[in-house]
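Summary of the model geometry
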Amino acid sequence: MAGRYRAFISYSHRDAAFARRVHADLEAWRVDNELTGRQTPIGPVPQNLRPIFRDREDLSGGGKLNDAIRDTLSNSKFLLVLCSPDAARSSYVDNEVRLFKSMGRADRIIPLIIAGEPGDADNECFPHALTHKVSRDGLVLEEREELLAADAREQGDGRARALAKVVAGLLGVPFDEIAKRAEKAQKRRTRVLATVAASMFLLAVAAAGFAWLSENRRVEAERNYHAALNAADSL
């Protein structure tokens, strides 16, 4: 039954470091309590995005890899494709996109550009199967597919905004709503950090004040001691 995984991350292993960060960010994403349970075209909004499948190497324990991949893809609500020139050249990524589309779920694919340039012959980032329609029997057709991709590049959405777009897609919630909630959460974190910083500053000032007072008392005590010694000598 589809849905064991919220998403399957398809990527070139040359992009493994980025894939690990995206995987960690998505599984750690805190879904706003006000969103949880809301009905969307893809079902109720979950409390979190876990689990998300990342590493195909975990499937090599037995049987054919393609069979294991197909089973895992069929149990994933979405396919998140990390698009880069390496991904465009990867037979694994192309095959995973092709298999997912052959299940009639092309509308559940979320492309995330992390490097390269769409349509650039020398630096293409989209796998061939991603840019073309695929038949039920897995054949890549000549008809091209319209793509709406999140763009993590600096000249695109930027990493934070692109991640919010991916989350919106995985939850079935409008991006603007996710972005606004993420912005509010960031402002709350900033206020908390500012409060903590202010508290630490006040503690440091107080500690410095106590140290100054203590030193003054020590100097005064030492002065009184010497005064007493001088008085005793005089007597």
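Residues numbered from 1 in each chain as written. Predicted model: local features only at pLDDT ≥ 70, side-chain atom pairs only at ≥ 80, totals over all residues. Heavy atoms only, no water.

1. Overview of the state of the cysteines
- Under the counting rule described, the total for this entry stands at 0 disulfides.
- Its sulfur unpaired, Cys83 is 5.7 Å from the next cysteine sulfur, which belongs to Cys125.
- We classify Cys83 as buried; its relative accessible area is 0%. (Disulfide = S-S within 2.5 Å. Buried < 20%, exposed > 50% of the residue type's maximum accessible area, 1.4 Å probe, protein only.)

2. A word on the pattern of salt bridges
- All told, the structure shown has 10 salt bridges when counted by the stated rule.
- Where Asp25 meets Arg159, a salt bridge forms, and the shortest distance between an N and an O atom there is 2.6 Å. Residue Asp25 is found in helix H1 (residues 16-28), and its partner Arg159 is found in helix H6 (residues 159-171); the two are separated by 134 residues along the sequence.
- Among the residues examined, Asp25 registers a relative accessible area of 25% and is labelled partly exposed.
- Among the salt bridges present, the one from Glu145 reaches Lys101, with a minimum N-O distance of 3.1 Å. Taken together, the positions of Glu145 in the loop between strand S8 (140-144) and strand S9 (150-151) and Lys101 in helix H4 (residues 91-102) put the pair 44 residues apart, joining distant regions of the chain. (Salt bridge = Lys/Arg side-chain N within 4 Å of Asp/Glu carboxyl O. Helix = DSSP H or I, 4+ residues; strand = E, 2+ residues; numbered from the N terminus.)

3. Remarks on the packing of aromatic side chains
- Evaluated as defined, the whole model comprises 2 aromatic pairs.
- Consider the rings of Tyr5 and Phe53, whose centres lie 5.4 Å apart with planes at 65°: the pair is edge-to-face. In this pair, Tyr5 is assigned in strand S1 (residues 5-10) and Phe53 in strand S4 (residues 52-53), connecting sequence segments 48 residues apart.
- With relative accessibility at 7%, the residue Phe53 sits in the buried group.
- Joined through ring pairs, the aromatic side chains of Tyr5, Phe8 and Phe53 make up one cluster.
- We note Arg108 situated over the ring of Phe78; from NZ or CZ to the ring centre the distance is 5.3 Å. (Phe/Tyr/Trp six-rings, centres within 6.5 Å; stacked < 30°, edge-to-face > 60°. Lys NZ or Arg CZ within 6 Å of the ring centre and 35° of its normal.)

4. What to know about the packing of H1 against H6
- Interaxial distance between H1 and H6 falls to 11 Å at its minimum, and their mutual angle equals 55°. Comparing their axes, H6 and H1 come out oblique. When the axes of H1 and H6 are compared, the crossing they make is right-handed. Listed contacts from H6 to Phe18, Arg21, Val22, Asp25 and Leu26 of H1 are Arg159, Leu163, Val166, Val167 and Leu170. (Axes fitted to C-alpha atoms, helices over the stretch in contact; angles between N-to-C directions. Parallel < 35°, antiparallel > 145°, perpendicular 65-115°, else oblique. Left-handed = near helix turned anticlockwise from the far one by under 90°. Contact = heavy atoms within 4.5 Å.)

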